[in-house]
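Each chain, letter by letter, is given below.
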Amino acid sequence: PLPIALTLREKRHKSFQRSGADLIWDCRLSKRQAKAGAVVKVPLLDGSVFTFSTRDMDVTDKAERTFAGKGMPKSKSPGVFGNLIVRFYLRP
């Protein structure tokens, strides 16, 4: 039998960037929301929504928050997932 060679190209996603099994999502908040706290809803790739509050977080411009196990499945480790990294960008 002849070997088969495949070339895969990763398509750019409208909401996420990928870094290995980790997903990076940009969150835009106003300075008022960052100071007072906000409920953030992240639409995940499987159709579910991950919700968290920034109320007890120190949110600054370009700060990142990592949520373990909310990223892509790791291909060589069934049942293990990468992280979701939320990057905050503050607007006036």
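Residues numbered from 1 in each chain as written. Predicted model: local features only at pLDDT ≥ 70, side-chain atom pairs only at ≥ 80, totals over all residues. Heavy atoms only, no water.

### Quick word on the overall build of the protein chain
For the protein chain, the count of helices and strands is one helix and six strands. Secondary structure elements of the protein chain, listed N to C terminal, follow the sequence β-β-α-β-β-β-β. A compact globule built from 92 residues should have a C-alpha radius of gyration of about 12 Å, whereas the protein chain, at 17 Å, is more than 25% larger. In terms of overall dimensions, the protein chain has a C-alpha envelope of 65 × 25 × 20 Å along the principal axes. Expressed as a percentage of the 92 residues in the protein chain, the buried residues total 29%. Total accessible area computed for the protein chain in this model is approximately 7300 Å², and 51% of it derives from carbon and sulfur atoms. Each charge class in the protein chain can be summarised by its mean position, and for the 18 positive and 8 negative side chains these summaries are 5 Å apart. (Helix = DSSP H or I, 4+ residues; strand = E, 2+ residues; numbered from the N terminus. Rg over C-alpha atoms; globule rule 2.2 N^0.38 Å. Buried < 20%, exposed > 50% of the residue type's maximum accessible area, 1.4 Å probe, protein only. Areas by Shrake-Rupley, 256 points an atom, 1.4 Å probe, with all protein chains shown as cover. Lys, Arg positive; Asp, Glu negative; His and termini not counted. Charge placed at Lys NZ, Arg CZ, Asp CG, Glu CD.)

### A few points about the nonpolar core
With 20 residues, the main nonpolar core has Trp25, Val42, Phe52, Leu84, Val86 and Phe88 as its most contacted residues. Of all the elements in the fold, those that place two or more residues in this core are strand E2 (22-30), strand E3 (39-43), strand E4 (49-53) and strand E6 (84-91). In terms of residue count, E2 provides more of this core than any other element does, four residues in total. For Trp25, the residues in contact, after removing those within four places along its chain, are Ser15, Phe16, Val40, Lys41, Val42, Pro43, Leu84, Ile85, Val86 and Arg87. (Core = buried A, V, L, I, M, F, W, Y, C linked by side-chain atoms within 4.5 Å. Contact = heavy atoms within 4.5 Å.)

### Things to note about the pairing of E2
When strand E1 (residues 16-19) meets E2, the two strands line up antiparallel, connected through four bridges. Directly across from Arg18, in E2, lies its bridge partner Leu23. Here E1 hands over to E2 after two residues, with Gly20 in that stretch at a positive phi of 65°. (Pairing = 2+ DSSP bridges.)

### Overview of a nonpolar patch on the surface
A cluster of nonpolar residues, Ile4, Leu6 and Leu8, forms a patch on the protein surface that exposes about 450 Å² of accessible area. Its place among the elements puts Leu6 in the segment before E1. Residue class for Leu6 comes out exposed when judged on its relative accessible area of 71%. (Patch = residues over 30% accessible without salt bridge, like charges linked within 9 Å, V, L, I, M, F, W, Y side chains within 5 Å. Salt bridge = Lys/Arg side-chain N within 4 Å of Asp/Glu carboxyl O.)

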